[in-house]
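Spelled out from the first residue to the last, the chains are:
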Number of protein chains: 2
Amino acid sequence: MEPSPQPRPARSRTQRYDPHSLLDVAVRVFTERGYDGTSMEHLAKAAGITKSSFYHHVDGKEELLRRSLERAMDGLFAVLDEEQSQRGRAIARLEHVMRRSVDLLIREQPHVTLLLRVRGNNDVERHALERRREFQRAVTKLVLQAEEEGDLVPTKDARLTGRLLFGMINSMVEWYHPGGGLSARALGDAVVQVCLDGLRPRT
Amino acid sequence: MEPSPQPRPARSRTQRYDPHSLLDVAVRVFTERGYDGTSMEHLAKAAGITKSSFYHHVDGKEELLRRSLERAMDGLFAVLDEEQSQRGRAIARLEHVMRRSVDLLIREQPHVTLLLRVRGNNDVERHALERRREFQRAVTKLVLQAEEEGDLVPTKDARLTGRLLFGMINSMVEWYHPGGGLSARALGDAVVQVCLDGLRPRT
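Keep in mind that this is a model prediction, so the values were computed, not measured.

## Focus: the overall build of chain A
Phase 1 of the analysis: Along chain A, the regular secondary structure elements total 10 helices and 0 strands.
Phase 2 of the analysis: The order of helices and strands in chain A, counted from the N terminus, is α-α-α-α-α-α-α-α-α-α.
Phase 3 of the analysis: Each principal axis of the C-alpha distribution contributes one length, and for chain A these read about 65 × 35 × 30 Å.
Phase 4 of the analysis: Look at the contacts in chain A between residues 6 or more apart in sequence, and 62% of them connect residues 24 or more apart.

Below, the structure is given as structure tokens:
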């Protein structure tokens, strides 16, 4: 946890900013305008504070990008570290990783959305892309292992299969609305039903 | 087809532009910078011509956005109009629409990529989003009908199922490279294997 900021005069009666809420503002602006198209002026304006107040809290926009992408990636790697992702048959571990990634996506939607838009335009973005590839390699390994254990049909290309599974999961950021009545559990069930069980009846 | 442009002095020995190639340049710049962050100056610079030469060919950047999004959406609706999407059992029609959408995505990747990034920031984008929703409604209808015909297991939410299917398909724009050795056929097979047949062995 970061230390609480010192109390200071707020710019409006309703809003007080600390590094956490500034991160939320920044992620929203980055997602709307693109990181490269966002200046500190844009961020300060969106937060309703002066640019110098903004610099009181953060070194610059790159720090905010880094913190947002780390939050999303740390969440994904924490999923891989969970006991149910580490022990047991690969099919059960894969299903666990898929369901918990859906949970994370819903819990951290703004940060995951930003992560998925990253194109590698600077060092922070390139580092995040490298970690995404590392995550994807762990998924490919689970797919291959589940195939070897006979719990998944052999696919021609386990890397492609892993990409398709997470392509489906990641696509949820585009339309998911927290108030829309779909729980993480229902979304996880739907992904598992489509991808693992398949939609054709099993006779 | 649009009429061929009049011959005119080229700005370089290697590049001559017409409305089609300017569209390709514009789509690349829109995708990199975001449409809102792109000016006519950016487009002219990327094309290596003057702004006034650019205006000789197109009314403005909105025209290029409209033409790109129309190209992607017209392609999708053409898929729905194909005979194999119109006749026969719903499961076969759904599979056809999925495979042909993969074909389109690969053939028109830059335009489909732009379409998928659209957020409804102007009338052209809102119109494209409305057409995407219309396409998605047609998919939902096919899923429902295939469930009613007993060729797909009943899902709790056919709209969600359709979104997941096309979420997977659309996610390919993020990583597909034309020279990567994966054919449209192989990608279509993989999507059908994962989503319709499911990855768990059928005993």
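Additional details are given in the paragraphs that follow.
## Quick notes on the nonpolar core
Phase 1 of the analysis: Of all hydrophobic cores here, the largest spans 104 residues; its most connected members are A:Val191 and B:Val191.
Phase 2 of the analysis: Among residues more than four places away in sequence, those in contact with A:Val191 are A:Met98, A:Val102, A:Met168, A:Ile169 and B:Leu164.

## Observations regarding the relation of the copies chain A and chain B
Taken together, a rotation about one axis and a shift along it account for how the two chain copies relate.
Phase 1 of the analysis: Mapping chain A onto chain B calls for a screw motion: a turn of 180° about the axis and a shift of 0.0 Å along it, with 0.0 Å RMSD after fitting. The transformation just described matches what one would write down for a two-fold rotation axis. Ranked by how close their C-alpha atoms come to the rotation axis, the residues of chain A are headed by A:Gly198, at 1.6 Å.
Phase 2 of the analysis: Most of the interface of chain A is mirrored in chain B, where 100% of its interface residues are also at the interface.

## Notes on the interface of chain A and chain B
Phase 1 of the analysis: Across the boundary between the two partners, chain A contributes 31 residues, which contact 31 residues of chain B.
Phase 2 of the analysis: Within the residue set of the side of chain A that touches chain B, elements represented by two or more residues are α9 (158–171) and α10 (184–197) of chain A.
Phase 3 of the analysis: A per-element tally of the side of chain A that touches chain B places α9(A) first, with 8 residues.
Phase 4 of the analysis: Of the residues in the side of chain A that touches chain B, the class split is 14 nonpolar, 10 polar and 7 charged.

## Observations concerning the domain arrangement of chain A
Residue and element names in this part refer to chain A.
Phase 1 of the analysis: With domains assigned, chain A is organised as domain 1 (19–58) and domain 2 (63–197).
Phase 2 of the analysis: Counting residues at the interface gives 9 residues for domain 1, matched by 11 residues for domain 2.
Phase 3 of the analysis: In terms of residue class, the side of domain 1 that touches domain 2 is built from 6 nonpolar, 1 polar and 2 charged.

## A few points about the packing of helix α4 (residues 61–81) of chain A against helix α6 (residues 90–107) of chain A
Residues and elements named next belong to chain A.
Phase 1 of the analysis: Viewed as axis vectors pointing N to C, α4 and α6 meet at an angle of 150°, and their least axial separation amounts to 10 Å. Regarding the angle of α4 to α6, the classification is roughly antiparallel. Read as a crossing pair, α4 and α6 show a hand that is right-handed. Across the interface between the two elements, Gly75, Leu76, Val79 and Leu80 of α4 pack against Val97, Arg100, Ser101 and Leu104 of α6.

## Let's talk about helix α1 (residues 19–33) of chain B
All names here are of chain B.
Phase 1 of the analysis: A rise of 1.5 Å per residue sets the reference length of α1, with its 15 residues, at 21 Å; its end C-alpha atoms lie 21 Å apart and thus fit the reference within 8%.
Phase 2 of the analysis: Along α1, the residues that are buried comprise Leu22, Leu23, Val25, Ala26, Val27, Val29 and Phe30.
Phase 3 of the analysis: The inward-facing, buried residues of α1 contact α2 (40–47), α3 (51–57), α4 (61–81) and α7 (109–117).
Phase 4 of the analysis: Following α1 by one or two positions, Gly34 adopts a phi angle in the positive range, close to 85°.

## What to know about the environment of B:Asp189
Residues and elements named next belong to chain B.
Phase 1 of the analysis: Along the chain, Asp189 turns up in helix α10 (residues 184–197).
Phase 2 of the analysis: What makes Asp189 partly exposed here is the crowd of 15 C-beta atoms within 10 Å.
Phase 3 of the analysis: Put simply, Asp189 and Met98 are 91 residues apart on the chain and 10.0 Å apart in space, counted from C-alpha to C-alpha.

## As for α10(A)
Phase 1 of the analysis: Taking 1.5 Å of rise per residue, 14 residues should cover 20 Å, and α10(A) covers 19 Å from first to last C-alpha, within 8% of that figure.
Phase 2 of the analysis: A:Leu187, A:Gly188, A:Ala190, A:Val191, A:Val194 and A:Cys195 are the residues of α10(A) that are buried. The buried residues of α10(A) all sit within an arc of 160° when viewed along its axis, so they share a single face.
Phase 3 of the analysis: Elements in contact with the buried residues of α10(A): α6 and α9 of chain A together with α9 (158–170) and α10 of chain B.
Phase 4 of the analysis: A:Gly198 lies just past α10(A) and shows a positive phi near 80°.

## Observations concerning the environment of A:Leu76
Residue and element names in this part refer to chain A.
Phase 1 of the analysis: By secondary structure assignment, the location of Leu76 is in helix α4.
Phase 2 of the analysis: On the basis of neighbour count, Leu76 is assigned to the buried category, with 23 C-beta atoms found within 10 Å.
Phase 3 of the analysis: Distance in space between the C-alpha atoms of Leu76 and Phe135 is 7.6 Å, their sequence separation being 59 residues.
Phase 4 of the analysis: Those residues in contact with Leu76 that lie beyond four places of it in its chain are Ser101, Leu104 and Phe135.

## Some words on the environment of B:Phe135
All names here are of chain B.
Phase 1 of the analysis: Summarising the element assignment, Phe135 is placed in helix α8 (residues 123–148).
Phase 2 of the analysis: Spatially, the C-alpha atoms of Phe135 and Pro178 are 25 Å apart, while their sequence positions differ by 43 residues.
Phase 3 of the analysis: Apart from the residues within four sequence positions on either side, Phe135 is in contact with Leu76 and Phe77.

## Regarding the packing of α1(B) against α7(B)
Residues and elements named next belong to chain B.
Phase 1 of the analysis: α7 packs onto α1 with a crossing angle of 40° between their chain directions and a minimal axis gap of 10 Å. In the crossing of α1 with α7, the sense of the turn from one axis to the other is left-handed. Between α1 and α7, the residues in contact are Val27, Arg28, Phe30 and Thr31 and Pro110, His111, Thr113, Leu114 and Arg117, respectively.
Phase 2 of the analysis: Partitioned by chemical class, the residues of the contact of α1 with α7 number 4 nonpolar, 3 polar and 2 charged.

## Section: the confidence of the model for chain A
All names here are of chain A.
Phase 1 of the analysis: Overall, the predicted model of chain A reaches an average pLDDT of 90, with 92% of residues at or above 70.
Phase 2 of the analysis: When mean pLDDT is compared element by element in chain A, helix α5 (residues 83–86) scores highest at 98, while helix α1 (residues 19–33) scores lowest at 89.
Phase 3 of the analysis: Segment residues 7–14: pLDDT under 50, and 5 contacts once partners within four positions in sequence are set aside and those in other chains are kept.
Phase 4 of the analysis: For this predicted complex, the interface score ipTM comes out at 0.87, while the overall pTM is 0.88.

Analysis parameters
Residues numbered from 1 in each chain as written. Chains lettered and ligands numbered in written order. Predicted model: local features only at pLDDT ≥ 70, side-chain atom pairs only at ≥ 80, totals over all residues. Helix = DSSP H or I, 4+ residues; strand = E, 2+ residues; numbered from the N terminus. Contact = placed C-beta atoms within 7 Å. Core = buried A, V, L, I, M, F, W, Y, C linked by C-beta atoms within 7 Å. Buried ≥ 20, exposed ≤ 12 C-beta atoms within 10 Å, placed from the backbone. Least-squares fit on C-alpha atoms with pLDDT ≥ 70 in both. Nonpolar A, V, L, I, M, F, W, Y, C, P; charged D, E, K, R; others polar. Domains from an automatic or database assignment. Axes fitted to C-alpha atoms, helices over the stretch in contact; angles between N-to-C directions. Parallel < 35°, antiparallel > 145°, perpendicular 65-115°, else oblique. Left-handed = near helix turned anticlockwise from the far one by under 90°. Expected span 1.5 Å × (residues − 1). Arc of directions from axis to C-beta. pLDDT = per-residue confidence, 0-100.

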